[in-house]
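# An overview of the molecular structure
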Amino acid sequence: MSDKNQKKKYMNPYLGGVLLGLVLIFAFWVSGRGLGASGAIKSVIVAGVETVAPAHYESAKFYSEYKNSHESPLKSWLVLEMLGVVIGGFLSGAIAGRLKFKVEKSPKITNRTRIIFAVIGGIFFGFGSQLGRGCTSGSALTGMAVLSLGGFVTMAAIFGTAFALAYFARRLWI
Amino acid sequence: MKPRLILAATLVPLGLIIAAVPENTTKPYKLTAEELLEEVKSGTQFMQPDEVAAMIVAKDPSLQLIDVRSADEFEKFSLPGAVNIPLPDILNSEWEETINQDVRLNVFYSNGTNDANQAWMITRQLGYRNNYVLSGGLNYWAETIMNPQQPAETSPNEEIAKYNFRQGAGQALGGGMEAAQSSSMPAKGAAPAVVKTQKKKKAQGGC
Amino acid sequence: MGPLVVNEIISENANLFLAFIIGIGFGFVLEQNGFSSSRRLAGMFYGYDTTVLKVFFTAAITAATGLLFMSLFGWIDLNLIYINPTYLWSAIGGGVVMGAGFILGGYCPGTSVCAASIGKIDAMAFVGGLFIGVLIFAEGYPLWEGFYNAKFLGSPLLSDVLGTSRGLLTFLIILMALAMFWVGEWAEKRFARDNYKLNQK
């Protein structure tokens, strides 16, 4: 990761935190809710299942529960927010000259290993986010901002587990 | 190093302030005494028995009758679909969602108008909307709806129409009322379901 | 008086449009802080990069303090905002599974989308994994439904549980966060890696 291409530096993290906090406040002020991410994945899956396998969609409990509490899977706050994230991330990367296809990992492992573990990590996270009713953005960050007990509990569980398993996963990163 | 110090220097004092200041839990909009007096003078809080009867007969879902008498009196007789909130309990937190909402039309009633009016004044002073008083209370209700006076033959059509309406309403309600009298269970059973749908619009969320 | 959409000051469609705008802001800030880099995110757990800690907790304390001040000035009604509910067992269980996913995959859903948007292939793989994970949960739902719905505590606030006021708790969290920042700065020097540059202002 040398600076041959004069890549722009990342923002100061404290400033970044304040900005993120302001985005969060704005979200609450406008919509009465904080940020989130995993819910959007859920919405897409639900919409997908509804299109591909409507009979199963009607019968299986998970989808019918969702259907009863939401009007349309894709007309969801989180899905639109996530689309915004794609644009925002892209803009930031473009401005900073960080747009590039690459696989990020520790130099000690192969790309293939990294991709495999990325998928595995995603599966775990996807499952866990549904079980925990939120991910780090929705439950931990937003939850902490409103002082919700659930937010703190989930955050402690995520970070605690990650710390505990860090030793075993160290080859992936360092 | 510096940003951290700036951050600390800003947030620690702000944190101290926010920790020291008592929590702001009052509802933002409360009426002043003058505003309340204006409303009392204009009498906008009253709903006539005819109006209420019409809504009951039409099964208008936005109507919510609230009986502010004691539980005993409520059990002996109550209007169809009414919820019992005895006046002394009106500020209990369990009823807050019922009396503080923007969706339904709450109509307080008692035997006369005194108690219902008091309930209205208390809730209105808190800034709650959509609360009304049944004009004349159950006494007037009995006179007009339950035992309407037959107008003279020469009365204007309006009067006769009103009488016919009241007769019909009385019969329709009479049937409902008997059911309420014989077993207060249906009335009570309806109450919990009703309370649920009155939820003030809350923010949706979840990740 | 916020929240705008709950008090019907703006329409539902305006709300959805603003969700998009808010998302752009979110994604932009995430990427600007390097949350599009899995090594940076994972670095939190090895000490060589504590950006996650700094950004995360600064955002949390900024937002918490900001919301309380706004409530004080009557700009927002905190009774109307969404507080995520607490289902104790699934909060812990889900958190544990997510923690494993975090350290193995190096992303979380928000950051993975952000990273995928700038071309990180491992992030795209993570997003794919997310879909699979959600699908597994959905399909096997009856198996874990009981656990999922267990120990519902409502939406309690930590301040209620500890018996303090919200302001006081926020102040304590500010102090705790600042202490963690100092530890983080120390850790970054102590655990720095040769093959990793912080690349920060």
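Each chain has its residues counted from 1, running along the sequence as written. Each chain takes a letter, starting from A, and each ligand takes a number, starting from 1, following the order in which they are written. Residue-level local features of this predicted model are given only where pLDDT is at least 70; pairs of side-chain atoms are given and counted only at 80 or more, and the full residue set underlies all totals for whole chains, interfaces and linings.

A word on the overall build of chain A. Looking only at helices and strands, chain A features 8 helices and 0 strands. Its C-alpha atoms put chain A at 55 × 40 × 35 Å along the principal axes. Burial statistics for chain A: of 174 residues in total, 59% are counted as buried. Contact between two residues is assigned when their C-beta atoms, built from the backbone, lie within 7 Å. Put simply, of all contacts in chain A between residues at least 6 apart along the chain, 57% involve residues at least 24 apart. Helix and strand definitions follow DSSP, with helices as H or I runs of at least four residues and strands as E runs of at least two, each counted in order from the N terminus. Here a residue counts as buried when 20 or more other C-beta atoms sit within 10 Å of its C-beta, as exposed when there are 12 or fewer, and as partly exposed otherwise, the C-beta atoms being derived from the backbone.

Moving on: the interface of chain A and chain C. At the interface, 109 residues of chain A touch 115 residues of chain C. Residue assignment for the side of chain A that touches chain C shows that the elements contributing at least two residues are α1 (13-31), α2 (38-52), α4 (61-69), α5 (77-96), α6 (111-131), α7 (136-145) and α8 (149-173) of chain A. Class assignment of the residues belonging to the side of chain A that touches chain C gives a composition of 65 nonpolar, 30 polar and 14 charged. Each residue is assigned to one of three groups, with Ala, Val, Leu, Ile, Met, Phe, Trp, Tyr, Cys and Pro labelled nonpolar, Asp, Glu, Lys and Arg labelled charged, and all others, Gly among them, labelled polar.

Let's shift gears to the packing of helix α3 (residues 51-72) of chain C against helix α9 (residues 166-190) of chain C. All names here are of chain C. In contact at an axis separation of 10 Å, α3 and α9 are set at 160° when each is read in the N-to-C sense. One element, α3, and the other, α9, form an angle in the roughly antiparallel class. Both α3 and α9 take part in a crossing whose hand is left-handed. Contacts between α3 and α9 involve Leu-53, Lys-54, Phe-57, Ile-61, Ala-64, Thr-65 and Leu-68 on the former and, on the latter, Arg-166, Gly-167, Thr-170, Ile-173, Ile-174, Ala-177, Met-180, Phe-181 and Gly-184. Across the contact of α3 with α9, the residue classes tally to 10 nonpolar, 4 polar and 2 charged. Angles run from 0 to 180 degrees between N-to-C directions of axes, and those axes are lines fitted to C-alpha atoms, restricted for helices to the stretch in contact. These descriptions rest on fixed angle ranges, namely under 35 degrees for roughly parallel, over 145 for roughly antiparallel, 65 to 115 for roughly perpendicular, and the rest for oblique. Should the near helix be turned anticlockwise from the far one by less than a right angle, the crossing is left-handed, and should it be turned clockwise, the crossing is right-handed.

This part takes up unusual backbone geometry. The backbone of Leu-147 of chain A shows a phi angle near 65°, a positive value even though the residue is not glycine. Within the secondary structure layout, Leu-147 of chain A lies in the loop between α7 and α8. Using a count of 25 C-beta atoms within 10 Å as the deciding quantity, one classes Leu-147 of chain A as buried. One non-glycine residue, Lys-59 of chain B, lies in positive phi territory at about 55°. By the element assignment, Lys-59 of chain B lies in the loop between α3 (49-57) and β2 (63-67). Overall, the presence of 9 C-beta atoms within 10 Å leaves Lys-59 of chain B in the exposed class.

Residue and element names in this part refer to chain B. Burial of strand β4 (residues 105-109) is extensive: 4 of the 5 residues sit out of reach of the surface. At least two DSSP bridges between two strands are required for those strands to pair. Of the strand pairs in this sheet, β2 and β4 are connected by 5 bridges, and their pairing is parallel. What sits directly across from Asp-67, in β4, is Tyr-109. With 3 bridges joining them, β4 and strand β5 (residues 131-134) adopt parallel strand pairing. Bridging from a neighbouring strand, Asn-106 pairs with Asn-131 of β5. In terms of handedness, the path from β4 via helix α6 (residues 114-125) over to β5 forms a crossover that is right-handed. A right-handed crossover is one whose linking path, passing over the helix from the first strand to the second, runs clockwise when the strands point away from the viewer.

Here the focus is the interface of chain B and chain C. Every contact between the two is made by 20 residues of chain B and, on the other side, 25 residues of chain C. For the side of chain B that touches chain C, the residue count by class is 11 nonpolar, 5 polar and 4 charged.

With 126 residues, the main nonpolar core has Leu-24 and Ala-145 of chain A together with Ala-60, Ala-64, Leu-67 and Ile-103 of chain C as its most contacted residues. Among the elements that line this core, the one with the most residues is α8 of chain A, at 12 residues. Ignoring any residue separated from it by four or fewer positions in sequence, one finds Ile-103 of chain C in contact with Ala-162, Leu-165, Ala-166 and Ala-169 of chain A together with Ala-42 and Phe-45 of chain C. If you look at the next biggest cluster of nonpolar residues, it comprises 25 residues, including Ala-53, Ile-85, Leu-138 and Leu-173 of chain B. By our criterion, buried Ala, Val, Leu, Ile, Met, Phe, Trp, Tyr and Cys residues that link up through C-beta atoms within 7 Å make up a nonpolar core.

Shape descriptors only; they carry no functional weight alone.
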